[in-house]
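Take a look at the letters that make up each chain.
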Amino acid sequence: MPTLPTHRPRRNRKSQVIRDMVQETRLTTHDFIYPLFLIEGQNQQLEIHSMPGIHRFTADRLIDEIGRCVELGIHTFAPFPAINDALKDRLAKESANPEGLYLKTVADIKRQFPDVVLMTDVAMDPYSSDGHDGVVDADSGEILNDASLEVLGQMALAQARAGADIIGPSDMMDGRVAWIREVLDQNAFGHVSIMSYTAKYASAFYGPFRDALDSAPKKGDKKSYQMNPANRREALRELALDEAEGADMVMIKPALSYLDVILDVKNHTNLPVTAYNVSGEYAMVKAAAQNGWLDGEKTMMEVLTSIKRAGADAILTYFAKEAAAVLRRG
Ligand code: PBG
């Protein structure tokens, strides 16, 4: 007779109490950063077709939504604006307008909820008539790195003035962390943090987000600045640069197809690591759940737990509110 097993890992799975005791990763609402979509107008919320359960809110409704989330234990938010086409131009000038939709709303939120942490997005795409994160050369169509830094620095400064706690450069221009750090420090915003989109990939998973903000590139793609999904070591190069340039936290985006990158970055830094569970990742789970093909709630919790297990200290996720309700229910 063959020998029976001496080692029985199943003993550690034999009851819920024991499983809970040996559980290695535990989600809490403190882990979540909730991205929110802001639109012009009053008293409106429009559901995003490709993101069931996620809305674009006018400022008044957005503030109500933040209030509900705070009740659920979510305290960090990442608002993104949808800007009217008439206000878009080549140099994204509206992005530094303190009276514009985004900055006015950021200031309003901080007035109403001083303890809420706001992470603002630095990239030109919502304000750019070209739909790119940087300045596009009118003749060659090239994305001009150093001309973009100028715009991004002014945008970050205006956001800090409006009350942003964390600046989130999502543009992937070279040298932008150092540039923004310097602009902030020279203007007495040394206390404002930078969470760098360190490894942001040129991903098909951003589709629903671009629909929500109408921010897709008018021409070409983002491959000359966002990273090639086939590369992992390159993320470590970006990490080293962001650390040297003064980033306070680093981010990997998207999350689910990039769990190896999250782990690798975690193993190479002492900075907090975050991951962005992006719009397309949300849409896939929702679509399957709506079809009855997956259990939406269980899949959501598994996805979020996996991202944390891979090494994320915090997760930007459209699931934040729903997952917080599940965690509260216990
Ligand atoms: C743009 C930006 C994008 C996202 C966040 N900031 C889209 C892009 O780079 O084209 C995507 C987020 C998501 O898909 O949830 N700077």
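Residues numbered from 1 in each chain as written. Predicted model: local features only at pLDDT ≥ 70, side-chain atom pairs only at ≥ 80, totals over all residues. Heavy atoms only, no water.

1. A short note on the overall build of the chain
For clarity, the threshold we go by: Segments assigned H or I by DSSP are reported as helices when at least four residues long, segments assigned E as strands when at least two residues long, and all are numbered from the N terminus. In this description the radius of gyration comes from C-alpha coordinates, and the expected globular size is given by 2.2 Å times residues to the power 0.38. Buried residues are those whose accessible area, probed at 1.4 Å on protein chains only, stays under 20% of the maximum for their type, while exposed residues exceed 50% and partly exposed ones sit between those limits. Here, Shrake-Rupley sampling with a 1.4 Å probe gives the accessible areas, and only protein chains in the shown set may cover a residue.
Scanning the chain for helices and strands turns up eleven helices and twelve strands. Its C-alpha atoms give the chain a radius of gyration of 21 Å, within 12% of the compact-globule value 20 Å for 330 residues. The C-alpha extent of the chain, read off along each of the three principal axes, is 80 × 45 × 40 Å. Taken across its 330 residues, the chain has 52% of its residues classed as buried. When the accessible surface of the chain is split by element, carbon and sulfur atoms take 50% of a total near 15700 Å².

2. Quick notes on the packing of aromatic side chains
Aromatic rings in a pair are described by how distant their centres are and how their planes are angled relative to each other. Heads up, the condition is: By convention, a stacked pair of Phe, Tyr or Trp rings (six-membered ring in the case of Trp) has centres within 6.5 Å and planes under 30 degrees apart, an edge-to-face pair has planes over 60 apart, and any other such pair is tilted. Two conditions define a charge sitting above a ring: the NZ of Lys or the CZ of Arg must be within 6 Å of the ring centre, and it must be within 35 degrees of the ring normal.
All told, the structure shown has nine aromatic pairs when counted by the stated rule. Following the ring pairs from residue to residue traces out a cluster consisting of Phe 37, Phe 80, Tyr 197, Phe 209, Tyr 276, Tyr 282, Tyr 318 and Phe 319. Positioned above the aromatic ring of Tyr 206, the side-chain terminus of Lys 253 is 4.8 Å from the ring centre. Note that Lys 253 overlies the ring of Tyr 276, its terminal NZ or CZ placed 4.6 Å from the centroid.

3. Some thoughts on the site of the ligand
In plain terms, the rule: If even one non-hydrogen atom of a residue comes within 4 Å of a molecule or strand, that residue is called near it. Here a polar contact means two N or O atoms within 3.5 Å. Within protein one must be a hydrogen donor candidate and the other an acceptor candidate, and residues neighboring in sequence count only if both atoms are side-chain atoms. Here a cavity is any set of points on a 1 Å grid over the protein atoms alone where a 1.4 Å probe fits but cannot get out, and a pocket is any open set with protein on both sides within 12 Å along at least 5 of 7 lines; a residue lines the site when it has an atom within 4 Å of a point. To decide whether a molecule occupies a pocket or cavity, check its atoms: if more than half lie within 2 Å of the grid points, it is inside.
Taken together, 17 residues surround the ligand, and among them Asp 125, Arg 210, Lys 253, Ser 279 and Tyr 318 come closest. The separation between a nitrogen atom of the ligand and a polar side-chain atom of Asp 133 is 3.3 Å. Protein chains shield 100% of the accessible area of the ligand, which is 400 Å² for the free molecule. Assessed atom by atom at 2 Å from the grid points, the ligand resides in the largest cavity.

4. Section: the nonpolar core
Our working definition: Take the buried Ala, Val, Leu, Ile, Met, Phe, Trp, Tyr and Cys residues and link them wherever side-chain atoms come within 4.5 Å; each set so joined is a nonpolar core. Whether two residues touch is decided by their heavy atoms; if any such pair falls within 4.5 Å, the residues are in contact.
In this structure, Phe 37, Phe 77, Ile 167, Ile 262 and Tyr 276 are the most contacted members of the largest nonpolar core, which totals 104 residues. Here this core takes nine residues from helix 4 (residues 145-162), the largest share from any one element. What Phe 37 contacts, discounting residues up to four positions off in sequence, is Ile 48, Met 51, Ile 54, His 55, Arg 56, Phe 57, Leu 62, Phe 80, Phe 209, Ala 212, Leu 213 and Tyr 318.

5. Section: empty space enclosed by the protein
This is how the line gets drawn: Grid points are joined across faces, edges and corners, and a volume is the space filled by probe spheres set on the points. Residue polarity follows a fixed list, in which Ala, Val, Leu, Ile, Met, Phe, Trp, Tyr, Cys and Pro are nonpolar, Asp, Glu, Lys and Arg are charged, and the others, Gly among them, are polar.
For the structure on display, the rule yields two cavities of 30 Å³ or more. Here the largest cavity defines a volume of roughly 130 Å³. Looking at the largest cavity, it is lined by 16 residues, and the ones nearest its centre are Asp 125, Lys 200, Tyr 206, Phe 209 and Lys 253. Of the residues in the lining of the largest cavity, the class split is seven nonpolar, two polar and seven charged. What lines the second largest cavity is Ile 83, Glu 94, Ser 95, Asn 97, Gly 100, Leu 101, Tyr 102, Leu 103 and Tyr 127.

6. Description of the pairing of strand 11 (residues 273-277)
Residues in a regular strand project their side chains so that they alternate between the two faces of the sheet. Here is the rule: The pairing criterion is simple: DSSP has to find at least two bridges between the two strands.
Summarising burial for strand 11: five of the five residues are buried, a large majority. Here strand 11 shows no split at all, with Val 273, Ala 275 and Asn 277 on one side and Thr 274 and Tyr 276 on the other all buried. Summarising the sheet, strand 10 (residues 249-253) and strand 11 pair through three bridges and their orientation is parallel. Bridge pairing in strand 11 links Val 250 to Val 273. Relative to strand 12 (residues 314-317), strand 11 runs parallel, the two sharing four bridges. Paired with Ala 275 across the bridge in strand 12 is Ile 315.

7. Overview of the packing of helix 7 (residues 233-245) against helix 8 (residues 259-267)
Quick reminder of the rule: A fitted line through C-alpha atoms serves as each axis, taken over the contacting stretch for helices, and the angle formed by two N-to-C directions is quoted from 0 to 180°. Reported orientations rely on four angle classes, namely roughly parallel under 35 degrees, roughly antiparallel over 145, roughly perpendicular from 65 to 115, and oblique for the rest. Rotating anticlockwise by less than a right angle from the far helix to the near helix defines a left-handed crossing, while the corresponding clockwise rotation defines a right-handed one.
Taken N-terminus to C-terminus, the directions of helix 7 and helix 8 make an angle of 40°; their axes are 10 Å apart at the nearest point. As far as their axial angle goes, helix 8 and helix 7 are oblique. Our pair here, helix 7 against helix 8, has a crossing hand that is right-handed. Of the residues in helix 8, those in contact with Ala 235, Leu 236 and Leu 239 of helix 7 are Val 261, Asp 264 and Val 265. Broken down by class, the residue content of the contact of helix 7 with helix 8 amounts to five nonpolar, no polar and one charged.

8. So, unusual backbone geometry
The omega torsion across Lys 253 and Pro 254 is -10°, close enough to zero to call that bond cis. One non-glycine residue with positive phi stands out, namely Met 172, at about 65°. Looking at where Met 172 falls in the secondary structure, it is placed in the loop between strand 8 (166-169) and helix 5 (176-186). Accessibility expressed as a relative area gives 5% for Met 172, which makes it buried.

9. Comments concerning the pattern of salt bridges
Convention followed: The salt bridge criterion pairs a side-chain nitrogen of Lys or Arg with a carboxyl oxygen of Asp or Glu, the two atoms within 4 Å.
With the rule as written, the count across this model stands at 18 salt bridges. With a shortest N-O distance of 2.8 Å, Asp 133 and Lys 222 are connected by a salt bridge. Within this pair, whereas Asp 133 is found in the loop between strand 5 (117-122) and strand 6 (135-136), its partner Lys 222 is found in the loop between helix 6 (207-213) and helix 7, the two being separated by 89 residues in sequence. In this structure, the salt-bridge partner of Asp 264 is Arg 232, at a minimum N-O distance of 3.4 Å. Taken together, the residues Asp 264 in helix 8 and Arg 232 in the loop between helix 6 and helix 7 connect sequence positions 32 residues apart. Looking at Arg 232, the relative accessible area reads 42%, which means it is partly exposed.

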